[in-house]
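Chain residues, written in single-letter form:
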Amino acid sequence: MMEVKLTNLMETLVQLKLDEVIDSLGCCKCEKCRMDIASYALNRLPQKYVVTTKGTVFSKLDTLSIQYETDMLNVLFQGAKLVSENPHHDDFDSDNT
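Thresholds, definitions, all that
- Residues numbered from 1 in each chain as written.
- Predicted model: local features only at pLDDT ≥ 70, side-chain atom pairs only at ≥ 80, totals over all residues.
- Heavy atoms only, no water.
- Phe/Tyr/Trp six-rings, centres within 6.5 Å; stacked < 30°, edge-to-face > 60°.
- Lys NZ or Arg CZ within 6 Å of the ring centre and 35° of its normal.
- Core = buried A, V, L, I, M, F, W, Y, C linked by side-chain atoms within 4.5 Å.
- Buried < 20%, exposed > 50% of the residue type's maximum accessible area, 1.4 Å probe, protein only.
- Helix = DSSP H or I, 4+ residues; strand = E, 2+ residues; numbered from the N terminus.
- Contact = heavy atoms within 4.5 Å.
- Patch = residues over 30% accessible without salt bridge, like charges linked within 9 Å, V, L, I, M, F, W, Y side chains within 5 Å.
- Areas by Shrake-Rupley, 256 points an atom, 1.4 Å probe, with all protein chains shown as cover.
- Salt bridge = Lys/Arg side-chain N within 4 Å of Asp/Glu carboxyl O.
- Axes fitted to C-alpha atoms, helices over the stretch in contact; angles between N-to-C directions.
- Parallel < 35°, antiparallel > 145°, perpendicular 65-115°, else oblique.
- Left-handed = near helix turned anticlockwise from the far one by under 90°.
- Nonpolar A, V, L, I, M, F, W, Y, C, P; charged D, E, K, R; others polar.
- pLDDT = per-residue confidence, 0-100.

Just give me the short version of the packing of aromatic side chains, but keep the residues and values in it.
Tallied over the entire structure, the rule returns 0 aromatic pairs. Lying over the aromatic face of Tyr40, Arg44 brings its terminal NZ or CZ to 3.6 Å of the ring centre.

I'd like a rundown of the nonpolar core, residues and numbers included.
Soluble globular proteins tend to pack their nonpolar side chains together in the buried interior. One finds Val14, Leu18, Leu25, Ile37, Leu45, Met72 and Leu76 to be the most contacted residues of the largest nonpolar core, which totals 20 residues. Of all elements in the fold, only helix H1 (9-21), helix H2 (31-42) and helix H4 (66-85) reach the threshold of two or more residues within this core. With 6 residues, the single largest contributor to this core is H1. Apart from the residues lying within four places of it in its own chain, the contact partners of Val14 are Ala38, Ala41, Leu42, Leu45, Met72 and Leu76.

Please give an account of a nonpolar patch on the surface that cites residues and values.
Taken together, the side chains of Val4, Leu6, Tyr49 and Val51 make up a nonpolar region of the molecular surface, amounting to roughly 440 Å² of accessible area. Looking at the nonpolar patch, the elements with two or more residues in it are strand E1 (4-8) and strand E2 (49-53). A relative accessible area of 51% places Tyr49 in the exposed class.

Please provide a residue-by-residue account of the packing of H2 against H4, values included.
Across the interface, H2 lies against H4 with an axial gap of 8 Å and an inter-helix angle of 130°. Classified by the angle their axes make, H2 and H4 are oblique. Remark: the crossing between H2 and H4 carries right-handed chirality. In this structure, H2 uses Cys33, Asp36, Ile37, Tyr40 and Ala41 to contact H4, whose residues at the interface are Val75, Leu76, Gln78, Gly79, Ala80, Leu82 and Val83. Here the residues of the contact of H2 with H4 are counted per class, giving 9 nonpolar, 2 polar and 1 charged.

Any chance you could break down the confidence of the model for the chain for me, citing the residues and the numbers?
The predicted model of the chain has a mean per-residue pLDDT of 83, with 79% of residues at 70 or higher. Confidence scores differ between elements of the chain, with helix H3 (residues 57-60) showing the lowest mean pLDDT of 62 and H2 the highest of 96. Note on residues 93-97: pLDDT is under 50 here. Beyond four places in sequence and across chains, it has 1 contact.

Here it is, written out as structure tokens:
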């Protein structure tokens, strides 16, 4: 029997779109900053849960409209601006203690 699972398609889409546009965002590209930007975006975009079997999430990607992509780009740029102004990547740096 194939394993089925619930997947937030928006999470996959945000991470893919962030990979595409990170160079144009003018922000730090470290993993912490990337995750902060993605988190910011995901907290502002609607969840888009789908039931998937292994490997089928990509077949669902084309179900989203241009409006979703526009909204996603908008919040990614907002998130990059906010994260750039308030980076957390050095929070645990031993030089800061």
